[in-house]
Amino acid sequence: MRLLHRNIDKKLSGSVSLIAEEAEDMWHAYNLISVGDRLRSTTIRRVVNETAGGLTTTNRVHTTLTIVVKSLDFDTQASVLRVKGTNVEENAYVKMGAYHTIDLELNRKFEITKLEWDSVALQRIDESCDPSQNADLAAVVMQEGLAHVCLILSSMTIVKSKIEVNIPRKRRNLCANHDKGVEKFFESIFKAIVAHVNFDIVKACILASPGFLKDQFFAYMMEYATKNLNAYKVLVDNKQKFILIHSASGFKHSLKEIFDDPTLLPRLTDTKAMGEMKALDQFYQMLKTEPMRAFYGSKHVEMANEADAIDVLLISDSLFRSKELSERKRYVSIVDKVRENNGQVRIFSSLHVSGERKL
């Protein structure tokens, strides 16, 4: 995310102009924009013109609108954010009060105006505009014929490629078709890794599967990359970044099981994902061994907060997207008080591996 302009007064009202540069930035925008805010951006409007003879023509025109947000819809697969609202500024093509939907796109400027910017929203702006907050972990979970290539970003887990290949069963004296199917499957995974994993940023790439499939793929990948060194030297140079680990299946939800593996921790200590998973595991452990020190649920957490007894607060970002302003302020006040008392706050993304686990 690129910050272009920030004009927030002492009462925390004002506007911020941003440009979403990556897919994850749309998720940050989704969390920043709330019902009742003003959003200003360029958009396309279908305009119907009527001639003197009664004929009508339809044109699509580019214009800049300012709307009061009524609802938001985020498509996680396409990383598209659709914001619906009513026009509140004079426009040659759209009447005052008319409904319009703005589709926020990458590399397009947009401006958010709020009556009050809370501390959680301001922190999200700082984090999303920090160039160091990028995808530092990739994962490929696979089983025979099925694989998911994922990027585990600082706020969400994105499936960049789903690979499905029909592999014939291995039969006595008829292994050729099975071997060809496996090779085609491995080739598809190989191409997906090359296309979607940036090893200049990624600190580790997990290969996970039941049995020895991950080992077979890793051997195939290194052999193929070595034979075609000019094209795939980056894979050979980053061989040490690949981590082979067991998983129950090739589905995305196997990532939860993978991050529970204690052998993974030493290799991923520098990644944000592992830090959050570790904090969640510590909470579960405390819940088992010292239940009087671990609290969950809004009522009990608020009681602990009133007593200034919170050392670490784990909270989901979905709570800050409530349509009720009073609800949002309620959770923001908890976060602010914990920080005032020098407590640690971890805001889990509902689209991240850690945030998908239930407390």
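Shown above is the structure to which this text applies.
These notes cover the structure that comes with them. (Residues numbered from 1 in each chain as written. Predicted model: local features only at pLDDT ≥ 70, side-chain atom pairs only at ≥ 80, totals over all residues. Heavy atoms only, no water.)

**What to know about the sheet that holds strand 10 (residues 157–164)**
Strand order across the open sheet formed by five strands is 10-9-8-11-12, with mixed pairing between neighbours. Since the sheet does not close on itself, it has two edges, and those belong to strand 10 and strand 12 (242–246), each with one partner. Direction aside, neighbouring strands of the sheet carry axes that sit 20° apart on average. Bridge analysis of strand 8 (residues 137–143) against strand 11 (residues 204–209) gives five bridges, and the strand direction is parallel. Each bridged residue has a counterpart across the sheet, and for A138 the counterpart in strand 11 is C205. Its contacts with the sheet put helix 4 (residues 213–227) on strand 8, strand 11 and strand 12, and the angle it makes with strand 12 is roughly 160°. (Pairing = 2+ DSSP bridges. Helix = DSSP H or I, 4+ residues; strand = E, 2+ residues; numbered from the N terminus. Axes fitted to C-alpha atoms, helices over the stretch in contact; angles between N-to-C directions. Contact = heavy atoms within 4.5 Å.)

**Here we look at unusual backbone geometry**
Even without glycine at this site, N107 takes up a positive phi of about 60°. Assignment of secondary structure puts N107 in the loop between strand 6 (99–104) and strand 7 (109–114).

**Describing the pattern of salt bridges**
Side-chain pairing between opposite charges can occur once the charged atoms of the two side chains come close. Considering all chains together, one arrives at 16 salt bridges under this definition. The salt bridge involving R40 is made with E89; its shortest N-O contact spans 2.8 Å. Placement of the pair is R40 in strand 3 (residues 38–50) and E89 in the loop between strand 5 (80–87) and strand 6, with a sequence separation of 49 residues. A salt bridge links K214 to D215; the nearest nitrogen and oxygen atoms lie 3.5 Å apart. (Salt bridge = Lys/Arg side-chain N within 4 Å of Asp/Glu carboxyl O.)

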